[in-house]
Structures are given as C-alpha cells and as structure tokens.
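# Structural overview for review
Here's the letter readout for the chains.
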Amino acid sequence: MGSLCNDIRFGFRLLYRNPGFSICVIVILALGIGANSAIFSVMNALLLRPLPFSESQRLVTVMSSNPRVMGDEKSVASYPDFSDWRSQSRAFEEIAALAPIELNLAGEGEPERVAGFRVTSGYFSVLGVSPRLGRTFLSEECTPGRERVVLLSQQLWEGRFGARPEVVGQTLLLDGHPHVVLGVMPATSERLFQPKLWVPLALTPHEKAERGNHFLLPIARLKPGVSLDQARAEMRTIGSRLEQMYPESNSGWGVEVDGIHEGIYGPLQPVLLILLVAVGCVLLIASTNIANLLLARATNRQREMGVRSALGASRFRLMRQMLVESLVLALLGGGFGFLVTYWACDLIDAYLLTLNLPIAVPLIQVDPRVLGFALLTALLAGIVFGLAPAFQSCKSNVNEALKAGSRGTTAGHSRRWFRNSLVVCEMTLSLVLLIAAALLFRGFQRLLKFDPGFHAGKAISLSLTLSQGKYPDADRQALFFEQLLSRVEALPGMQSAGLTNSVPMGHQNVHMGYAIEGRPKPAPGQDLSANYHIVSPRYFSTLSIPLKQGRTFTEQDRKNSAPVVIINEALARAQWGNEDPVGKRISIVGGAWSTIVGVVGDVKYFSLGVGVLPEICVPLAQYPSNNMNLVVSTIVEPLSMVSDLKREIQGLDPYQPIANIRTMEKLVADSVWVEKAAIYLMGSFAVVALLLVVLGIYGVISYSVSMRTQEIGIRMALGARPQSVLSTVLGQGLKLILLGIGLGLIISLAVTRILSSLLHGVQPTDPVTFVGVPLFLISVALLASYVPARRASRVDPMVVLRYE
C-alpha cells in the first residue's frame with residue numbers, strides 16, 4: 001500500500017515538472033470524457049433514470065399497432081379496446097388511461113389556456129402518486145352529468161394560486177363551466193407530460209362505443225412477479241381475440257406493451273445510441289493520441305527505467321509505476337471532464353427549452369449514475385492509453401538503457417510499428433466519423449429543401465379555444481370567429497388571415513375514416529382514413545397552399561348549403577389516379593355525402609421528414625368547432641403583430657385566453673429538431689476527431705524525424721538532396737494515411753447504413769461523400785506530415801555531425 005502511495009506521489013511530481021505535457025493531456029481527456037458523459041446524461045434522463053413513482057420499473061404503456069396504417073409507429077387506443085384490455089388482462093395490477101385536453105382557465109388573474117389530461121379514476125393509483133392536498137377522483141366522478149371536478153398540478157397551484165391550501169374546495173371556471181378543486185398533486189405527477197391540471201374522463205355511452213376513435217394512452221402497472229414479456233404475450237393474445245370479435249374495426253390492429261421509458265422516449269433511443277458511439281470514438285482517438293505522447297515520453301525515460309531496474313525494481317513494479325502515472329492523468333482529466341459535463345448539460349437543457357416538443361423532456365442533470373459513468377470512462381481511458389508505455393517500460397534492456405545518452409535510444413522496429421498502428425487507428429475512426437457527419441449534413445441539407453407545401457415566411461399562428469359555457473352552440477362559435485377574421489384582416493400590416501383546427505407541424509392532427517360514393521364497403525381492416533382539417537375560406541391563400549383543381553371554399557359554403565370538401569393531391573392520386581375527383585362525393589365517418597369541390601397541393605402536417613398523408617378539408621361554417629388556430633400572413637415582421645392580435649381578440653372577449661403563439665418558420669424548424677441536434681453533435685465530434693488526427697500525424701512524424709536526425713544528417717552529408725528527404729518522410733506519413741483511409745472506408749460501408757433513417761433520401765453509400773471526405777482527410781493529414789518533413793529536409797548535416 002505504501003509503495004502504491006509513493007507511485008501516486010511520484011506521478012503527481014512528474015506532472016508538476018512537465019506542465020505543458022500535463023495540461024495538453026488533461027485538456028484532451030476532459031473534452032473527451034465530458035462529451036461522453038454529457039451524451040450519457042441525456043440517455044440517463046430519458047431512458048435509464050428511474051421515474052419518481054413507486055416501483056416505476058413495473059409501469060408500462062399499452063398501445064395499439066397497425067403496420068398497414070401506422071408502419072413502425074404505435075397508436076393510441078379507442079375506449080372500447082381499452083375497456084376490453086382492462087377487463088380481460090390478468091397481467092396488470094391496474095390499467096388506466098389519459099387523453100390530452102386544453103381548457104380556458106378564468107378567475108384570479110388573466111385568462112389562461114392550460115394544457116391537461118382527462119384521466120380515468122385509477123390513473124394516479126397506477127402511477128403510485130398520492131395528492132399533496134385533498135384527494136383524487138372517485139370512479140363515479142367519471143360519469144357525465146356529475147359535478148365537475150379538477151385536480152391542480154403543483155406548478156399551477158404555486159404559480160397562479162400562490163400555494164394557498166384553501167384553494168381546495170374552491171370553484172374554478174374551466175371553459176365557462178364551474179369545477180370544484182378536489183386537490184393538488186405533487187410535482188412528480190408532472191414528470192411524464194407536464195400537465196397543468198387533470199379532469200375526469202367522463203364519456204357518453206355513444207363515445208364509449210366508438211371503436212374507430214383512437215384517442216387514449218393507456219398506462220398500466222404490472223402485477224408483482226409478472227415480466228414484461230409475459231404481459232406482451234397476453235396482450236397480443238387479447239388483441240387477436242378482439243380482431244376476431246370486431247373484424248370491421250379491429251382487423252389488422254394489434255397490441256404493444258413497452259416499459260414506460262421506451263413507450264414515451266423510445267423513438268429517441270436510436271439517435272442517442274448513434275451519438276454515444278460517435279463520442280466514444282472521439283474518446284478512443286484521444287486515448288490513442290495520448291498513448292503516442294506517453295510512448296514518446298517513455299522512450300526518453302529509458303535511462304530512468306534502466307537505473308530503476310539496476311537498483312532492483314522488478315518489471316511488474318516498473319509497469320505498475322507507468323500505469324499509476326497514466327491513471328493519475330486519467331482521473332485528473334475525468335475530474336475536469338465532469339465540469340465539462342455540467343456545462344454541457346446546461347447547454348442541452350437551454351436548447352430543449354427553445355423547442356416546441358410534444359412530450360415532456362426531463363431535466364438533463366448530473367447524478368450519481370453519470371458520475372459513475374465519468375469515473376469508469378476515465379479509468380478505462382487511463383488503462384487504454386497507459387498499457388503501451390507500461391509494456392514498453394518492462395521490456396527495456398538494462399544495459400542498453402544505461403549506455404544511452406541523455407537523448408535516449410532510437411525506438412526499435414516493434415515500437416515504431418505500435419505507434420504507427422495507433423495513428424492508423426486514429427485515421428480509421430476519424431474517417432468513419434467524418435463520413436457519418438457528412439452523410440447527416442447532406443441528408444439535413446436535402447431535408448431543408450423539402451417543400452412543406454406552404455409558405456412559412458412572415459406567417460404566425462396562435463391557438464384559440466372558446467369555452468363551452470360561454471359559447472355553447474355552433475352559431476355563437478361561428479359568429480365569434482367570423483368577427484375575429486373581419487377585425488384581424490383590417491389591421492395595418494396584415495396580408496391575409498385564416499382559421500384551421502390543425503396548423504401544419506403543430507402536433508394537432510385529427511384522423512377520420514371516410515367512404516367513397518358508389519364503391520363497395522372495404523374489407524375489414526381496409527377502411528379508408530385521412531387527416532381531417534376544418535378551415536376557413538382564406539386559409540389556403542394565407543399559407544399560399546396552391547389550388548390544383550376546382551375551387552377553394554367561399555362565403556357561400558354555409559351551414560344550410562350543400563356539404564362540400566377539399567382533398568389534397570395525395571388522396572386524389574390514391575383513390576382516383578389520373579381521373580378528376582372534382583364532383584365526386586365522400587362521406588366522413590358515416591355522415592352526409594359531401595361533394596369534392598377542389599384539390600389542393602400536398603402539405604407536410606407532421607414534419608419535413610415525414611411523408612405526405614391523405615388529407616380532407618371541410619369548411620368551418622359547415623363543421624363548426626370551438627378549438628381553432630388563427631393563422632395570419634403579414635407584410636411586416638410577424639411577431640410585431642402579436643400585441644395587435646391580442647388586442648382584437650380581447651376586444652371581442654376580454655376573458656378569451658391565447659396560447660401557442662409561434663411563427664410558421666419556427667414550427668418548421670422545430671419539426672426537424674432531432675436531425676438538427678444530431679448533425680450539430682456529430683459534426684462537432686467529427687471536427688474534434690479531425691483535430692486529434694492532425695495532432696497525431698504531426699506528433700508521430702515529428703517524433704520520427706527527431707529520432708532520425710543523425711541518420712538524415714549522414715544521408716545529406718553523403719549527397720542526399722532535400723527533396724529526397726522530404727519525399728521519404730512524406731512517404732512514411734502517406735503509408736499510414738492510406739492504410740487508415742482503406743480500413744475506414746471498409747468500416748464506413750458497413751456502419752453508415754445504421755444512419756439511413758436520418759438521411760432523407762441520401763444513400764448510405766453516397767459516392768460524393770465516400771470520395772470527397774477521404775480526399776479531404778488525406779489532404780489535411782499530408783499537410784500535418786509536411787511540416788515535420790520540411791523541417792527534416794532543412795537539416796544542416798555539419799551541425800548534426802558536429803553535435804554527435
């Protein structure tokens with residue numbers, strides 16, 4: 001133990017005596033370990049950190065799936081399916097469900113639009129959460145006609161009601177209806193989706209019977225001793241049984257059970273794994289660089305090792321000394337890397353707050369698991385870059401080491417081979433990272449060029465939901481929106497205004513089934529469906545959505561006129577091919593036959609990276625809704641119009657809240673946030689890897705030149721020309737470069753296919769990337785080799801020979 005402490009003290013003394021070397025190694029390690037720990041902290045927050053619920057490992061999501069309709073995506077469930085799952089399953093202790101809702105909150109301050117959930121009575125017991133104040137819902141309160149009740153989140157309770165306990169039992173106005181506050185839930189209840197409040201899921205008998213209406217997210221708690229695989233097997237059996245019992249609605253629909261982390265954040269997992277592998281490669285490149293630096297230092301310390309060996313130090317003792325020095329460096333680098341992780345986590349949190357995400361993202365922070373990961377990474381890095389100099393020290397020949405002068409001996413063939421191999425490894429990993437970053441960048445460039453189908457410049461949207469209490473019927477709702485459009489379009493700086501129930505890329509999409517007149521009823525599981533949009537007449541012109549055939553809606557498409565619809569090109573192609581669909585009739589969810597009066601261009605309603613789906617648009621006057629988005633295009637900066645828009649809305653109704661104020665450009669930008677984050681991070685990793693490779697190539701060639709100075713001087717004294725020396729040294733570097741490039745290309749061809757889902761039409765074997773990136777890397781690496789090669793070609797043989 002005492003000798004180990006001596007080794008540690010000696011290691012610190014060496015670092016103190018060589019501050020330049022020490023600082024260089026520690027900085028490289030801090031960046032590598034900090035970047036790895038930062039990416040791991042994101043994975044930890046989303047996928048690993050236990051949720052703040054009792055036995056959260058038993059929580060699962062239960063969702064519908066239909067590969068024909070949804071592809072690999074999973075869908076929410078209908079209430080009848082949820083009810084059958086709950087009654088037939090034996091794997092769950094309890095199963096509950098929630099559905100998103102937005103309500104107007106009035107009283108005690110400014111009117112506010114709040115997001116929340118309608119939940120079944122057992123929702124909080126499934127999560128294992130008890131109220132901070134009051135009580136949760138009773139089963140009888142989930143029945144229409146009962147007294148309306150509400151539970152507040154801790155955030156809303158503290159922010160709007162000043163954390164007053166007496167708020168329990170008071171009455172709030174939600175959508176114009178009085179609701180009694182039953183209680184306040186703790187902050188842990190907001191962990192999944194960050195709701196402001198919860199109300200009971202009270203459905204009418206008709207709503208409970210609609211199997212085609214998918215709107216519920218079921219969450220369940222496994223019984224003790226029941227595994228996730230057992231629950232999956234049981235639910236798939238129940239799903240098959242429901243397919244046979246209800247072929248018209250359930251044909252093709254299955255059931256998927258996932259752990260709560262995977263169910264909510266699962267789509268992010270592939271991207272995070274790719275980034276973790278990439279940043280791991282950066283750390284490996286950094287470790288090989290440091291190994292080369294330590295090998296160079298170990299060569300210069302051969303005399304020291306020879307003296308130690310002559311005084312009785314065993315090979316194991318020498319090897320341990322070198323490993324301890326490496327681990328001291330690694331732990332210091334890990335300590336500073338931990339500070340880098342804190343800084344990086346703050347940056348990631350700040351970035352996520354700027355995004356309009358459909359799911360709640362927990363705070364990215366450093367916890368004991370991240371600390372353990374950083375420590376383990378530092379130790380592994382220390383071992384990786386410390387083994388080479390440790391083995392070299394124990395293989396030293398005592399006699400040769402003691403004979404050597406102060407400059408040390410020239411490295412033998414095996415040592416040069418090992419150092420060169422490290423450089424080849426760096427080149428290989430760097431090329432893989434650069435090719436991956438270039439492919440992602442080309443894919444992102446291609447993605448940004450995708451036509452969203454509308455003009456996002458100088459356009460802004462905001463959400464309005466009229467309270468059912470104040471606007472109980474369709475006529476009053478229609479009058480409010482009609483007056484609003486009239487007032488908004490009269491504002492100076494305004495170009496056009498429209499209304500829609502689902503703004504593009506705003507995560508508000510509604511899916512509806514439809515039938516075509518004159519065609520036979522589809523087979524079970526083959527029902528037709530499309531995204532459903534309610535729009536005002538000038539909505540299409542406001543966003544410059546082109547009219548392809550027929551006409552758009554007009555003021556004559558009123559409540560008492562013949563029902564009409566407009567479809568997009570995707571639906572027209574799918575159902576009528578080259579035939580003109582204008583004049584044909586369709587029925588939406590079994591309603592009246594509506595005439596198709598126009599075909600508009602395809603719009604990407606989900607994101608730039610998601611393909612166009614069939615769309616059906618209906619006029620607001622014929623299909624009134626209290627939940628709409630105001631979309632305006634302006635001739636001035638759109639955000640400068642917000643105060644004017646608020647004034648006009650409150651002029652009509654001073655208690656009407658406004659929510660989700662966003663420019664259309666921001667909605668488009670937020671739709672590609674995953675791809676943007678991936679390219680930024682991967683690009684940063686690739687640049688760091690490139691810099692490390694340049695340093696590695698330069699260091700190896702420079703060290704080789706310094707060790708061969710006498711040889712080069714003799715060659716030049718015997719008549720060798722400077723150009724010959726230059727080409728010889730460059731040739732040495734070029735061999736390493738080309739070998740690394742060859743291996744990197746082989747590995748890249750194998751691994752870049754993993755990125756295919758993020759490339760958006762760019763091939764994983766894109767020839768431009770696979771030719772351009774290696775040529776660029778060869779050029780940079782040759783430049784790094786040229787500097788020491790040029791220095792070698794300028795050696796004065798007289799000076800060298802006189803020195804020797």
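Residues numbered from 1 in each chain as written. Predicted model: local features only at pLDDT ≥ 70, side-chain atom pairs only at ≥ 80, totals over all residues. Heavy atoms only, no water.

As a further point, take the packing of helix α4 (residues 79-88) against helix α8 (residues 228-245). Viewed as axis vectors pointing N to C, α4 and α8 meet at an angle of 130°, and their least axial separation amounts to 11 Å. In this view, α4 runs oblique relative to α8, as classed from their interaxial angle. Relative to α8, the crossing made by α4 is right-handed. The segment α4 lies against α8, with D81, D84, W85 and Q88 engaging E234, M235, I238, R241 and L242. Grouping the amino acids of the contact of α4 with α8 by side-chain chemistry returns 4 nonpolar, 1 polar and 4 charged. (Axes fitted to C-alpha atoms, helices over the stretch in contact; angles between N-to-C directions. Helix = DSSP H or I, 4+ residues; strand = E, 2+ residues; numbered from the N terminus. Parallel < 35°, antiparallel > 145°, perpendicular 65-115°, else oblique. Left-handed = near helix turned anticlockwise from the far one by under 90°. Contact = heavy atoms within 4.5 Å. Nonpolar A, V, L, I, M, F, W, Y, C, P; charged D, E, K, R; others polar.)

Residues Y123 and L192 are the most contacted members of the largest nonpolar core, which totals 136 residues. Contacts of Y123, omitting those with residues within four sequence positions, involve A96, L98, L192, W198 and I219. In terms of nonpolar packing, the next biggest core, distinct from the first, is built from 39 residues, L484, A530, W576 and I596 among them. (Core = buried A, V, L, I, M, F, W, Y, C linked by side-chain atoms within 4.5 Å. Buried < 20%, exposed > 50% of the residue type's maximum accessible area, 1.4 Å probe, protein only.)

Okay, the pairing of strand β1 (residues 59-65) next. Consecutive side chains along a regular strand alternate between the two faces of the sheet. For β1, the buried fraction is high: 7 of the 7 residues fall into the buried class. Residues of β1 alternate between two faces, with L59, T61, M63 and S65 on one and V60, V62 and S64 on the opposite face, all of them buried. Judged from the 3 bridges that link them, β1 and strand β11 (residues 214-222) form a sheet pairing that is antiparallel. The residue of β11 that forms the bridge with T61 is I219. Alignment of β1 against strand β12 (residues 254-259), held across 6 bridges, turns out to be antiparallel. What sits directly across from V60, in β12, is G259. Judged from the 2 bridges that link them, β1 and strand β2 (residues 74-75) form a sheet pairing that is antiparallel. (Pairing = 2+ DSSP bridges.)

Moving on: the pairing of strand β10 (residues 197-200). Of the two faces of β10, the one holding L197 and V199 and the one holding W198 and P200 are both buried throughout. Two strands pair when backbone bridges link them, and strand β7 (residues 149-152) and β10 are joined in this way by 2 bridges, in the antiparallel orientation. Within β10, the position partnered with L151 by the bridge is W198.

So, about helix α19 (residues 569-576). Those residues of α19 that fall on the buried side of the exposure criterion are A570, L571, A572, Q575 and W576. Where α19 ends, the next residue or the one after it, G577, has phi of about 60°, a positive value.

Attention shifts here to the confidence of the model for the protein chain. Within the protein chain, residue pLDDT values average 82, and 85% of them lie at 70 or more. Throughout residues 404-411 the model reports pLDDT below 50, and contacts reaching past four residues in sequence, or to other chains, amount to 15 contacts. (pLDDT = per-residue confidence, 0-100.)

Quick look at the environment of S594 now. Turning to its location among the elements, S594 is positioned in strand β20 (residues 593-600). Considering only alpha carbons, one finds S594 and V618, 24 residues apart in sequence, at a separation of 9.2 Å. The contacts of S594, once residues within four sequence positions are left out, are P563, V564, V565, K584, R585, I586 and Y623. A polar contact is formed between the side chain of S594 and the side chain of Y623, at a distance of 3.3 Å. (Polar contact = N/O pair within 3.5 Å; in protein donor to acceptor, adjacent residues only side chain to side chain.)

Turning our eyes to something else, we now look at unusual backbone geometry. Of note, the phi angle at E55 is positive, near 45°, even though the residue is not glycine. Relative to the elements of secondary structure, E55 occurs in the loop between α2 (19-48) and β1. For E55, a relative accessible area of 42% translates into the label partly exposed. For A163, which is not a glycine, the phi torsion comes out positive at approximately 55°. Structurally, A163 can be placed in the loop between α6 (154-161) and β8 (171-174). Accessibility expressed as a relative area gives 30% for A163, which makes it partly exposed.

Further remarks concern the pattern of salt bridges. Applying the stated criterion across every chain yields a total of 28 salt bridges. Linking E555 and R558 is a salt bridge whose minimum nitrogen-to-oxygen distance equals 3.8 Å. Looking at R558, the relative accessible area reads 37%, which means it is partly exposed. Across the salt bridge formed by R573 and D602, the nearest N and O atoms sit 3.1 Å from each other. On the criterion of sequence distance, the pair formed by R573 in helix α19 and D602 in the loop between β20 and β21 (615-619) is long-range, its members being 29 residues apart. What emerges from the salt-bridge pattern is a single network uniting R487, D644, R647 and E648. (Salt bridge = Lys/Arg side-chain N within 4 Å of Asp/Glu carboxyl O.)

Turning next to the packing of aromatic side chains. Scanning the model with the defined rule gives 9 aromatic pairs in all. Plain terms: the ring middles of F40 and F373 are 4.2 Å apart, the flat faces sit at 5° to each other, and that makes the pair stacked. Of this pair, F40 sits in helix α2 while F373 sits in helix α14 (residues 368-394), and the two are 333 residues apart along the sequence. Note on F40: relative accessible area 11%, which makes it buried. Seen in terms of ring centroids, F124 and W198 are 5.4 Å apart; in terms of plane orientation they differ by 75°. Their pairing is edge-to-face. (Phe/Tyr/Trp six-rings, centres within 6.5 Å; stacked < 30°, edge-to-face > 60°.)

Looking now at the environment of A592. By the element assignment, A592 lies in the loop between β19 (585-588) and β20. When the C-alpha atoms of A592 and A562 are compared, they prove to be 9.7 Å apart, with 30 residues separating the residues in sequence. In this view, A592 contacts I586 and S587; residues no more than four positions away in its chain are not counted.

Looking only at α6, the buried set comprises Q154, L156, W157, R160 and F161. Two residues or fewer after α6 comes G162, characterised by a positive phi angle close to 60°.

Within the secondary structure, R221 is located in strand β11. Remark: the alpha-carbon pair of R221 and S56, spanning 165 residues in sequence, is separated by 8.5 Å. With near-sequence residues (within four places) excluded, R221 lies in contact with S54, E55, R58, L59, F92, E93, E94, S125, V126, L127 and G128. Polar side-chain contacts of R221 include one of 2.7 Å to the backbone oxygen of S54.

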